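These are the residues of each chain, in order.
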Amino acid sequence: GHDTIESFVPLVAECIRKGGDHPVSAVELQERVKADFGLKIPIGALQVIVGRCQARNYVRKQHNAYHPIRKNLDKLDFGPNQAEALRQHLCLLDKLRAFAKERYDIDWSEADADGALLGYLQESSVPVLVAATEGDPLPRTEKQSRRTRHVMSAFAGHLDDSDPDGFQCLETVVKGHVLSTVLFYPDLGQVQTKFQELDVYCDTPFLLPAIGYAEEGRHLQCVELIE
């Protein structure tokens, strides 16, 4: 019963909670989310998420800064959910390494397996943000070999057929990947057009903040839109 924005409220609230009693700006909060979760949320989307935090009395806004409301933040129980997601991710990597070794005699390290998994997600879930920009929330991987793609597809089929717990772990990781990209587009299904012949014209009220004649938050919003 929740929308996409609601899914990010616990992440952002957790970053605010971990910051103690100090107020935080949108730019500083963006950096905290990137440091803690490896996810760069556009400033505009982040402000919408923090607006939800305000509505739930996790923060109050004053002088363009967000002041934590400790008594409500301390009631959040985000840690167990985060630990469970990490457990499922690591469990999935262990299963993938064992599968590759047993079925194909491939001895992948944990980093190799994680890279193969990330490449599989980028190719096989929702392939948004094709261009390599700073706004891409996931690290880009090298193009996967045909063998690696085959192993990953076979692994997903194996989990679906005979390992429901493992498939649930894969589902969790795929959901995380989809969520990490969904904030960049309002309708993922419509991002199919090629833009080679598209001309974009920017007027002065946009260009001046983009080149730095504005407070930092608005400047970064313009730069992110250009990217």
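None of these values were measured; they are calculated from a predicted model. (Residues numbered from 1 in each chain as written. Predicted model: local features only at pLDDT ≥ 70, side-chain atom pairs only at ≥ 80, totals over all residues. Heavy atoms only, no water.)

Q: In this structure, what is going on with the side chain of Glu 224? I would like to understand it.
A: Summarising the element assignment, Glu 224 is placed in helix H10 (residues 216-226). For Glu 224, which is buried and forms no salt bridge, the nearest opposite charge comes from Lys 40, at a distance of 4.4 Å. Ignoring sequence-local partners within four residues, the contact set of Glu 224 consists of Gln 30, Lys 40, Ile 41, Pro 42, Ile 43 and Gly 44. (Helix = DSSP H or I, 4+ residues; strand = E, 2+ residues; numbered from the N terminus. Buried < 20%, exposed > 50% of the residue type's maximum accessible area, 1.4 Å probe, protein only. Lys, Arg positive; Asp, Glu negative; His and termini not counted. Salt bridge = Lys/Arg side-chain N within 4 Å of Asp/Glu carboxyl O. Contact = heavy atoms within 4.5 Å.)

Q: Mind showing me how you'd approach the pattern of salt bridges here?
A: Oppositely charged side chains may form a pair once their charged atoms are brought near each other. A full pass over the atoms with the stated rule returns ten salt bridges. A salt bridge links Arg 17 to Glu 14; the shortest N-O distance between them is 2.9 Å. Highlighted residues: Arg 17 and Glu 14, both in helix H1 (residues 4-18), separated by three residues, approximately one helical turn. Among the ionic pairs, Arg 70 bridges to Asp 21, the shortest N-O distance being 3.6 Å. Here Arg 70 is found in helix H4 (residues 70-73), whereas its partner Asp 21 is found in the loop between H1 and helix H2 (26-37), with 49 residues between them in sequence. For Arg 70, a relative accessible area of 23% translates into the label partly exposed. On the accessibility criterion, Asp 21 (59% relative accessible area) is exposed. A network of salt bridges, in which partner residues are shared, links Glu 6, Arg 52 and Arg 56.

Q: Teacher, can you tell me more about the packing of aromatic side chains here?
A: We describe a pair of aromatic rings using the distance from one ring centre to the other and the angle between the two ring planes. Taken as a whole, this structure holds three aromatic pairs when the rule is applied. When the centroid spacing of 5.9 Å and the interplanar angle of 90 degrees are considered together, the rings of Phe 37 and Phe 78 count as edge-to-face. Here the residue Phe 37 occupies a position in helix H2, and Phe 78 occupies one in helix H5 (residues 78-104), the gap between them amounting to 41 residues. Ring centres of Phe 99 and Tyr 104 lie 6.0 Å apart, and the angle between their planes is 65 degrees; on these two criteria the pair is classed as edge-to-face. (Phe/Tyr/Trp six-rings, centres within 6.5 Å; stacked < 30°, edge-to-face > 60°.)

Q: Just to check I follow, could you spell out unusual backbone geometry for this structure?
A: Excluding glycine, most residues fall at negative phi; most peptide bonds, likewise, are trans. With phi around 60 degrees, Asn 57 is a residue other than glycine that occupies positive phi space. With respect to the secondary-structure elements, Asn 57 resides in the loop between helix H3 (43-55) and strand S1 (59-62). With a phi close to 60 degrees, Asn 64 is a non-glycine residue in the positive phi region. Secondary-structure assignment places Asn 64 in the loop between S1 and strand S2 (65-68).

Q: I keep staring at a nonpolar patch on the surface and nothing clicks. Help me out?
A: Nonpolar side chains collect at one region of the surface, where Phe 195, Leu 198 and Val 200 lie side by side and expose about 340 Å² of accessible area between them. With respect to the helices, strands and loops of the structure, Leu 198 is situated in the loop between helix H8 (164-182) and helix H9 (204-210). Overall, the relative accessible area of 49% leaves Leu 198 in the partly exposed class. (Patch = residues over 30% accessible without salt bridge, like charges linked within 9 Å, V, L, I, M, F, W, Y side chains within 5 Å. Areas by Shrake-Rupley, 256 points an atom, 1.4 Å probe, with all protein chains shown as cover.)

Q: Sorry if this is basic, but what is going on with the environment of Cys 15 here?
A: The topology assignment puts Cys 15 in helix H1. For Cys 15, a relative accessible area of 1% gives the class buried. Each C-alpha atom, one on Cys 15 and one on Glu 31, is 9.8 Å from the other, the two residues being 16 residues apart in sequence. Once you skip the residues sitting within four places of it in the chain, Cys 15 turns out to touch Leu 29, Arg 32, Val 33, Asp 36 and Phe 37.

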